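One-letter residues, chain by chain:
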Amino acid sequence: MNRRWLIFLLALITVLLAALSTGSMFYYVVSVTMAVMLLLSFLSAVITLYSAQIGFQMPTVTVRRTESLPMQISVRHRCPLPVAAL
């Protein structure tokens, strides 16, 4: 749980309280949209956590002492939503 998540949750609670106190449909729509965003971000993080795959490839197996070895590293996940940092 980081600061951005807490600020978003506080804004969601504030909009929900405004919706309940005024009865305005606009605040209800905004609060439901924010709740769906929060749920989708959580599901995206969980799906990425369990579906992330890390792979690497090297063209040669043996290398002499002073030679360098190129290596290709790939990170892949199967979540349809984008995830910022893996």
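To keep things clear, this report deals only with the structure shown in the data block. If you're wondering where the values come from, they're calculated on a predicted model, not measured in any experiment.

### Some points on helix α1 (residues 3–22)
- In a regular helix each residue adds 1.5 Å, so 20 residues correspond to 28 Å; α1 covers 28 Å between its end C-alpha atoms and thus fits that length.
- Of all the residues in α1, the buried ones are L12, V15 and A19. Around the axis of α1, the buried residues are gathered within 70° of arc, so they sit on the same side. Exposed and facing more than 90 degrees away from the buried side of α1 are R3, I7, L10, L17, L20 and S21.
- On the buried face of α1, the contacting elements are α2 (25–51).
- Just downstream of α1 lies G23, where phi reads positive at about 80°.

Criteria and cut-off values
- Residues numbered from 1 in each chain as written.
- Predicted model: local features only at pLDDT ≥ 70, side-chain atom pairs only at ≥ 80, totals over all residues.
- Heavy atoms only, no water.
- Helix = DSSP H or I, 4+ residues; strand = E, 2+ residues; numbered from the N terminus.
- Expected span 1.5 Å × (residues − 1).
- Buried < 20%, exposed > 50% of the residue type's maximum accessible area, 1.4 Å probe, protein only.
- Arc of directions from axis to C-beta.
- Contact = heavy atoms within 4.5 Å.

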